[in-house]
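One letter stands for each residue in the lines below.
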Amino acid sequence: MSTIERLLLKQEIEDFLYLEADLLDGRKFRDWLDLLAEDLVYFMPIRRNVKFGQHDEKENTRQGEGISWFDEDKWTLTKRVEQVLTGVHYAEEPLSRVTHMVSNIRLLDVTPTEVTVGCRFLVYQNRVEYENYTFIGRRTDVLRRNGESWLIAKRELILEQNVLLAKNLSIFF
Amino acid sequence: MTLPIDQLIDPQRGIISREIFVSPEFHKEELEKLFTRAWLFVGHVSQIPKPGDFYTSRMGEESVILCRDSRGEVHVFLNSCRHRGMKVCRYEQGNTSLFVCPYHSWSYTTDGKLQGVPLYRSLYEGVLNREEWSLVEVPRLHIYKGTVWASWDPEAPDFLTYLGGAVDHLDQVLDCRDGRPGGSEVIGVHKWVLPTNWKFAAENFLGDTYHNPSHRSVDMIGIGPSGEKGARRDNEYAKGQHVWVSFPQGHGMHSVWMPEEFGYQTTYAQYPEVDEYFRHCFEERKRRQGVKARLMPFTGNLFPNTSYHGRQPRGLCVWHPHGPTETEAWRFFLVDADAPAAVKDVLRRFYMRYSGPAGMTEQDDMENWLYATQSSMGTIARRYPFNYQASMGAYKTNDPIPGDVSMQITDQTPRNYYRVYARYLKGDGWDSLLGRDVAPMQAAAE
Ligand code: FES
Ligand SMILES: [Fe+2]
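Enquirer: Would you mind going over the interface of chain A and chain B in detail, with residue names and values included?
Expert: Chain A puts 39 residues into the contact, and the matching count from chain B is 40 residues. Interface area lost by chain A to chain B is led by Ile67(A), Trp75(A) and Lys167(A), which between them contribute 20%. One salt bridge connects Glu367(B) with Lys167(A), and the closest N-O pair in it is separated by 2.7 Å. Our count for the contact surface shared by chain A and chain B stands at 23 residue pairs in polar contact (both at pLDDT 80 or more). Taken together, the elements giving at least two residues each to the side of chain A that touches chain B come down to strand 2 (70–72), helix 4 (74–85) and strand 5 (131–146) of chain A. For the side of chain A that touches chain B, the leading source of residues is helix 4 of chain A, giving six residues. When grouped by side-chain class, the residues that make up the side of chain A that touches chain B number 16 nonpolar, 11 polar and 12 charged.

Enquirer: Before we move on, could you go through the pattern of salt bridges and cite the residues and values that matter?
Expert: Residue and element names in this part refer to chain A. Taken as a whole and assessed by the stated rule, the structure comprises 49 salt bridges over all chains. Across the pair Arg144 and Glu114 runs a salt bridge whose closest N-O atoms are separated by 3.0 Å. A residue pair is termed long-range when its members are at least 10 positions apart, and Arg144 in strand 5 and Glu114 in strand 4 (residues 114–127) qualify at 30 residues. In this structure Arg144 comes out as partly exposed when scored by relative accessible area, which is 24%. When its relative accessible area of 26% is taken as the criterion, Glu114 is described as partly exposed.

Enquirer: Please give an account of the coordination of the iron ion (ligand 2) that cites residues and values.
Expert: Residues and elements named next belong to chain B. Looking at the iron ion (ligand 2), one finds its protein donor set to be His211 (NE2), His215 (NE2), Asp365 (OD) and Asp365 (OD), positioned 2.1 to 2.5 Å from the metal centre. Around the iron ion (ligand 2) sit four donor atoms; with metal-centred angles ranging over 55 to 149°, the donor geometry is irregular. Read in sequence order, the donor residues for the iron ion (ligand 2) give the motif H-x3-H-x149-D. Of the two residues, His215 sits in the loop between helix 7 (198–205) and helix 8 (216–221) while Asp365 sits in helix 11 (residues 362–374), which places them 150 residues apart along the sequence.

Enquirer: I'd like a description of the sheet that holds strand 5 of chain A, backed by residues and values.
Expert: Residue and element names in this part refer to chain A. The sheet built from six strands is open, its strands ordered 2-1-6-5-4-3 with mixed pairing. The two strands at the open ends of the sheet, each matched to only one other strand, are strand 2 and strand 3 (97–110). In this sheet, neighbouring strand axes are inclined to one another by 25° on average, regardless of whether the strands run parallel or antiparallel. Across 10 bridges, strand 5 lies against strand 6 (residues 149–159) in antiparallel orientation.

Enquirer: Go over the sheet that holds strand 19 (residues 327–336) of chain B, please, and point to the residues and values.
Expert: All names here are of chain B. The sheet built from nine strands is open, its strands ordered 13-19-18-17-16-15-14-22-21 with antiparallel pairing. What marks the edges here is a single partner per strand, and that holds for strand 13 (184–194) and strand 21 (396–397). Bridging between strand 18 (residues 315–321) and strand 19 involves seven bridges; their strand directions are antiparallel. Its bridge partner lying in strand 19, Val318 is registered against Trp330. Across the face of the sheet, helix 7 comes into contact with strand 15 (252–257), strand 16 (295–302), strand 17 (306–309), strand 18 and strand 19 while running at roughly 150° to strand 18.

Enquirer: I'd love a proper account of the side chain of Asp411(B), names of residues and values included.
Expert: All names here are of chain B. Structurally, the position occupied by Asp411 is in the loop between strand 22 (404–406) and helix 12 (412–425). Salt bridges are absent for the buried Asp411, whose nearest opposite-charge side chain, Arg415, sits at 4.8 Å. Within polar-contact distance, the side chain of Asp411 engages the backbone nitrogen of Gln389 at 3.3 Å. Within polar-contact distance, the side chain of Asp411 engages the backbone nitrogen of Ala390 at 3.1 Å. For Asp411, the contacting residues outside a window of four places in its chain are Asn387, Tyr388, Gln389 and Ala390.

Enquirer: Any chance you could break down the side chain of Glu19(B) for me, citing the residues and the numbers?
Expert: Position of Glu19(B) among the secondary structure elements: in helix 2 (residues 19–22). With a relative accessible area of 19%, Glu19(B) lands in the buried category.

Rules used in this analysis
Residues numbered from 1 in each chain as written. Chains lettered and ligands numbered in written order. Predicted model: local features only at pLDDT ≥ 70, side-chain atom pairs only at ≥ 80, totals over all residues. Heavy atoms only, no water. Contact = heavy atoms within 4.5 Å. Buried area = accessible area lost by both parts, 1.4 Å probe. Salt bridge = Lys/Arg side-chain N within 4 Å of Asp/Glu carboxyl O. Polar contact = N/O pair within 3.5 Å; in protein donor to acceptor, adjacent residues only side chain to side chain. Helix = DSSP H or I, 4+ residues; strand = E, 2+ residues; numbered from the N terminus. Nonpolar A, V, L, I, M, F, W, Y, C, P; charged D, E, K, R; others polar. Buried < 20%, exposed > 50% of the residue type's maximum accessible area, 1.4 Å probe, protein only. Donors = N, O, S within 2.8 Å, 3.2 Å for Na, K, Ca; no water. Tetrahedral: all angles 85-135°; square planar, octahedral: opposite > 155°, others 65-115°. Pairing = 2+ DSSP bridges. Axes fitted to C-alpha atoms, helices over the stretch in contact; angles between N-to-C directions. Lys, Arg positive; Asp, Glu negative; His and termini not counted.

Structural measurements only, silent on function.
If you want it as structure tokens, here you go:
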């Protein structure tokens with residue numbers, strides 16, 4: 001891939017991620033679901049305080065094992081969207097105000113069908129009157145080419161917290 | 001300080017002041033008089049299987065180390081150096097032969113003994129007696145079916161006396177699904193902080209079935225183990241008599257008493273292999289336990305702050321006070337250690353979408369508890385007590401199972417809980433805390 005092709009691809013991916021953030025922050029949850037591949041893996045581990053040298057092995061809970069904050073598929077995320085849309089999911093009724101910031105975007109791996117993208121996320125949530133939460137971390141997405149656009153095939157969210165400093169994770173990341 | 005406890009807590013009339021949920025004075029009294037005495041859940045032996053394994057836990061507001069020493073003995077230590085208080089262990093879990101304090105490097109063996117004191121000869125010889133400066137250890141510890149419990153009160157009754165008749169219900173959480181005793185393991189722990197008083201959460205698990213409407217959204221969409229058709233859980237108990245049970249030691253729960261003849265109801269319908277496994281467990285359990293198998297669990301709270309879910313999902317949740325209006329929740333998720341991998345996988349996925357801050361069901365609980373706490377803090381709000389008058393007097397003792405048993409949704413479990421809570425805050429002796437004066441089922445059993 002030439003440098004120019006790579007730059008164009010990166011621009012295209014960035015636009016896609018910003019579009020995704022717009023859908024979420026604009027509360028177009030059903031449209032957001034359309035960006036998710038049917039075999040999506042959506043994963044946010046729990047982080048643990050471990051001894052120096054054990055980070056690779058023990059710091060994060062693992063996808064496919066035990067308990068994490070999220071380790072789910074498109075069915076579950078669809079349920080989450082349906083729940084918000086019932087209008088009686090009180091943890092999101094009234095709806096929170098949310099802004100998703102995405103930065104430090106890098107293409108980590110490029111194949112003809114998929115691109116692995118690394119970025120940082122900063123998600124700000126303000127709820128009802130005084131509730132404020134800031135979720136910051138690193139994210140790795142696998143995006144799959146889908147005609148003119150992309151599908152999210154895998155999302156790993158490394159939230160930089162140990163004890164979760166929020167009462168809920170009722171928003172989408 | 002003397003708080004007007006009887007004026008503020010009146011279980012007889014079912015009226016309880018908001019002060020106990022918001023006031024710093026009550027919070028302080030709880031830490032001094034309740035959390036220093038009651039049996040508290042600390043962890044599970046599956047978290048520390050080998051000698052030298054440790055797991056950092058909490059008791060009330062304080063950090064403790066659950067540790068298996070080099071000879072295999074289990075201990076619980078206060079996580080604070082005897083020298084100048086540094087937190088001795090800031091790792092969550094691991095294996096060690098020594099806890100070395102980061103501050104001045106005093107070191108403690110896994111049985112809590114002070115071993116290393118740098119420059120001992122020149123600085124402390126003849127003055128410091130190492131024997132007297134071990135890590136502070138809980139005087140009472142009990143391991144029950146893999147779960148580890150501790151009390152700071154040397155005079156506390158043994159754990160099973162403290163549990164009383166609640167043990168039959170706790171067994172439904174801890175025993176294998178096929179009825180063998182014990183055999184569970186912890187597959188993960190959620191920890192999160194929520195701006196609420198810890199008692200809102202504890203009393204919710206005493207069997208507040210009345211709050212079902214707040215979970216309408218999950219029931220509408222169906223997140224249960226059987227997928228679309230399953231509401232938020234499978235209905236395993238369609239033919240059972242729901243019971244809300246209180247015990248004189250303050251424990252309370254919502255369980256189900258199945259009829260004499262009852263068969264397996266399909267569960268986990270979208271996973272035939274898992275359904276088949278649970279059908280097998282169900283039949284085995286009936287065969288092993290006979291009439292006892294008629295008791296099935298929903299939720300409960302063991303006094304003061306250990307709540308459980310019995311089946312769907314399954315785990316223990318400890319509501320640690322973290323200030324008067326903040327709680328740190330630790331939920332320990334359980335499965336049968338020897339369940340097939342495919343079963344464990346379906347269970348863990350269900351637990352995650354149901355429970356905790358990311359759980360579709362419990363998010364709505366957290367919302368309720370936060371705003372109930374916040375809107376009870378005002379000067380005017382605090383003049384108006386809460387209502388606990390549901391199903392006054394509507395219970396029978398030891399009928400059809402031990403305890404004070406209500407056949408309808410009731411506030412009897414929280415009325416009983418706060419009656420016991422008041423006794424702790426008044427500094428009563430253990431006879432009173434165990435409710436020996438109001439313990440008909442114990443009398444009947446003896
Ligand atoms: S505080 Fe631990 S060695 Fe001084
Ligand atoms: Fe609830």
